[in-house]
Amino acid sequence: MKRKVFLFFIIVFIFMAYFVKAELTIDGGALIRPVGLGSQAQFGTSVALGEDYAFIGAPGHLTTNVAGNGTVFVAKREVGWAITQKLIATDGASGHRFGSSVAIDGNWAVVGASGAEAVYVYELVGSIWTFRQKLVASPNNPGSIFGSSVAISGTKIVVGAYGSNSYSGRVYVFNYDGFQWAQTQILSVADGATYDFFGYVLAISDNTLVVGAYGDDETGGTNFGSTYLFYFDGELWNYGQKLKAPDGGSGDNFGESVDIDGSTLVIGASRDDDKGSNAGAAYVFNGVSDQWNFQSKLAGSDSHAGDWFGSSVGVNGNLIVAGSPLWDDTNGVTNRGTLYPFIFDGSSWLEQDKLLPPTPWGSYDDNFGNSVTLTSENILGGAKLADWQGRDAGDVYIYELTYSEGCMQDLDCNDNIACTTDVCNVGTCLHSPQHDLCNDGAFCNGAESCNTLNGCVAGTSPCGAGQTCNEGMDSCQSACNTDADTVPYGDCDGEIESNEITNYIEGYYSGNVNIEELSSVLDAYM
């Protein structure tokens, strides 16, 4: 009995050591603010975060004495984060709002200019982001607000135009062929209606595209909101599923914000009333293949009426962050705004300490949390109405994530087992078996598998008792009677003889031998 108890604790210890989760710490944040923004710049309206670069949109920024032309500021991670480049549209004009949306993936970045109904594509060359191409919708649809939302993944760019077709909305798809980006598809939905705002927000993860339509109506009310999923089949995006809030109500605006990472999807509904009128909420869905199911509903523990929790959302691994831009602090500072982080512990999403701008920043009507994005190492949040450099000039704050245990990047998770993929997921190493890597191609060895602790494990013979395995024919055959060459189907002496051919033919007609086996034997005999 003692040996069994001791062995049990050893097994438990090994399991815990292998799947240990890290303790997350979020620092107090740091300010990112370019010099000379000026009033109405709205720096922080949009944010995108890559490994070493952050794109921050200021669509109201005065450029070459033209108000509302817009600018995107690029911050680079060095010792800290610092503005290193300023992007403008050389063909910009008043009201173009360059920087109203931004997205980044690897060495490519996309900037939307919703007032110009155009999108600008940049490529990182050395340490400089270089303009490559301007994208417009075809056919052109004035008033579509093309560029109000953008997303990019690999060689795929998607652009929202929620004003298209009387604000029913459309999404435009562009693919890169190695030389240029070209429009390949226009997405809409069969149940779309006026003022659905399909395409108001977008998110993309690998071959899954998420499109928010917060104006979608239901019987008995307006703006219940919905979210649509599309799947890429290697050539085209195909409609997959429509998601609704399981407890949705009129005016909730479900789908006003969306983000996706792997099998986790989070959708904001900033006007949800559970914690007071327009307090807001966020819904988490978990996806397996092309089927997504509701998992959890999130709100701040201190959320109250008018906070607009869920106006922005972000997810990376087991970390979700939701913005609440109209949150009031306990000192009576109204609409200061905040960010709420939530960590998944394996069964539920646990609220962490709220994120606020570091002292002395943060004040009345800053709307901190109007935008948010995150990676496994940082959280970036916008406060587009901060007044430190003029009314509604805007500010952005970046927070660093550290872990008391666990990993910081995928390289930290290398387990030296060739058949696993090793990924750092919010401080926790995940080792996924890739069984195909263990396949030796031999039928008679059975199906090999990958054990995440020990590597490749040999398979067992697919043949049952009284059978022999024929590697050449990838089949199991009845064992030979070594005393006579009159067995039904099998070669006892290593040579195929005429009587054995006869037996194979009879076996074929009786249904005990398939055509492939018969053909193989005839070929060998001839």
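Residue positions are given per chain, counted from 1 along the sequence in the order it is written. Restriction of local features to residues with pLDDT of at least 70 applies here, the model being predicted, together with a cutoff of 80 or more for giving and counting side-chain atom pairs; totals for whole chains, interfaces and linings are based on all residues. Excluding hydrogens and water, the side-chain values take into account all heavy atoms of the structure.

### Details of the overall build of the protein chain
In step 1: Secondary structure counts use DSSP, requiring at least four H or I residues in a row for a helix and at least two E residues in a row for a strand, with both numbered from the N terminus. When its secondary structure is counted, the protein chain shows 4 helices and 35 strands.
In step 2: Looking at the protein chain as a whole, 49% of its 526 residues are labelled buried. Relative accessibility thresholds used throughout: buried, under 20% of the residue-type maximum; exposed, over 50%; partly exposed, between the two (1.4 Å probe, protein chains only).

### Looking at the nonpolar core
General note: in soluble globular proteins, nonpolar side chains tend to be found buried as a group.
In step 1: Phe55, Phe98 and Trp129 are the most contacted members of the largest nonpolar core, which has 18 residues in total.
In step 2: Elements with a minimum of two residues in this core: β4 (53–58), β5 (71–77), β7 (98–105), β8 (108–113) and β9 (118–125).
In step 3: Residue contributions to this core peak at 4 residues, all from β9.
In step 4: For this analysis, residues touch if any pair of their heavy atoms sits within 4.5 Å. The contact partners of Phe55, leaving out residues within four places of it in the chain, are Ser46, Val47, Ala48, Val72, Phe73, Val74, Leu87, Val102, Ile104, Ala109, Val111 and Trp129.
In step 5: Here, nonpolar core refers to any group of buried Ala, Val, Leu, Ile, Met, Phe, Trp, Tyr and Cys residues whose side-chain atoms link them within 4.5 Å. Ranked by size, the runner-up nonpolar core spans 17 residues in total, among them Val210, Phe254, Val258 and Ala281.

### Looking at the state of the cysteines
In step 1: Disulfides are defined as pairs of cysteine sulfur atoms found within 2.5 Å of each other. Per the counting criterion, the structure on display carries 5 disulfides.
In step 2: What pairs with Cys438 in a disulfide is Cys456, and their sulfur atoms sit 2.0 Å apart. The S-S bond linking Cys438 to Cys456 shows a torsion near -85°; that makes this disulfide left-handed. Remark: Cys456 occurs in strand β33 (residues 455–457) and Cys438 occurs in the loop between β31 (428–433) and β32 (449–451); sequence separation between them is 18 residues.

### Comments concerning the packing of aromatic side chains
Note on aromatic pairs: each is described by the distance of the centres and the angle between the planes.
In step 1: In this analysis, rings of Phe, Tyr and Trp, with Trp reduced to its six-membered ring, are considered paired at centre separations within 6.5 Å, and the interplanar angle assigns stacked below 30 degrees, edge-to-face beyond 60, and tilted for intermediate values. Applying the stated criterion across every chain, the model contains 34 aromatic pairs.
In step 2: Geometrically, the ring pair formed by Phe198 and Tyr228 is edge-to-face, given 5.6 Å between the ring centres and 75° between the ring planes. Highlighted residues: Phe198 in the loop between β14 (181–187) and β15 (201–205) and Tyr228 in strand β17 (residues 226–232), separated in sequence by 30 residues. With respect to class, Phe198 is no different from Tyr228; both count as buried.
In step 3: Ring centres of Phe285 and Phe294 lie 5.8 Å apart, and the angle between their planes is 70°; on these two criteria the pair is classed as edge-to-face.

### Regarding the sheet that holds strand β10 (residues 128–135)
In step 1: When DSSP locates at least two bridges between a pair of strands, those strands are taken to pair. The strand order β7-β8-β9-β10 describes an open sheet built from 4 strands, whose pairing is antiparallel. Strands with a single pairing partner mark the edges of an open sheet, and in this sheet they are β7 and β10. Between one strand and the next, the sheet's axes are offset by a mean angle of 25°, whatever the strand orientation.
In step 2: One ladder, built from 6 bridges, connects β8 with β9; its direction is antiparallel. Across the sheet, residue Trp108 finds its bridge partner in β9, namely Glu123. Note on geometry: axes are lines fitted to C-alpha atoms, helical ones only across the stretch in contact, with angles between N-to-C directions running from 0 to 180 degrees.

### Remarks on the confidence of the model for the protein chain
In step 1: Note on scores: pLDDT gives the predictor's confidence for each residue, bounded by 0 and 100. Overall, the predicted model of the protein chain reaches an average pLDDT of 88, with 89% of residues at or above 70.
In step 2: Counting interchain partners and residues more than four positions distant, the pLDDT-below-50 stretch residues 481–490 has 27 contacts.

### Here's the deal with the sheet that holds strand β26 (residues 349–351)
In step 1: With respect to topology, 4 strands assemble into an open sheet ordered β23-β24-β25-β26, the strand pairing being antiparallel. Each end of this open sheet is capped by a strand with a single partner; those strands are β23 (312–316) and β26. Strand after strand, the sheet turns through a mean of 25° between neighbouring axes, direction not considered.
In step 2: As defined by bridge partners, β23 adjoins strand β24 (residues 319–324) across 5 bridges and the pair is classed as antiparallel. In the sheet register, Val313 faces β24, and the bridge partner there is Ala322.

### Thoughts on the environment of Leu350
In step 1: Topologically, Leu350 is positioned in strand β26.
In step 2: Expressed as a C-alpha distance, the spacing of Leu350 and Leu298, which sit 52 residues apart in the sequence, is 9.2 Å.
In step 3: Not counting chain neighbours up to four residues away, the residues in contact with Leu350 comprise Pro341, Phe342, Ile343 and Asp345.

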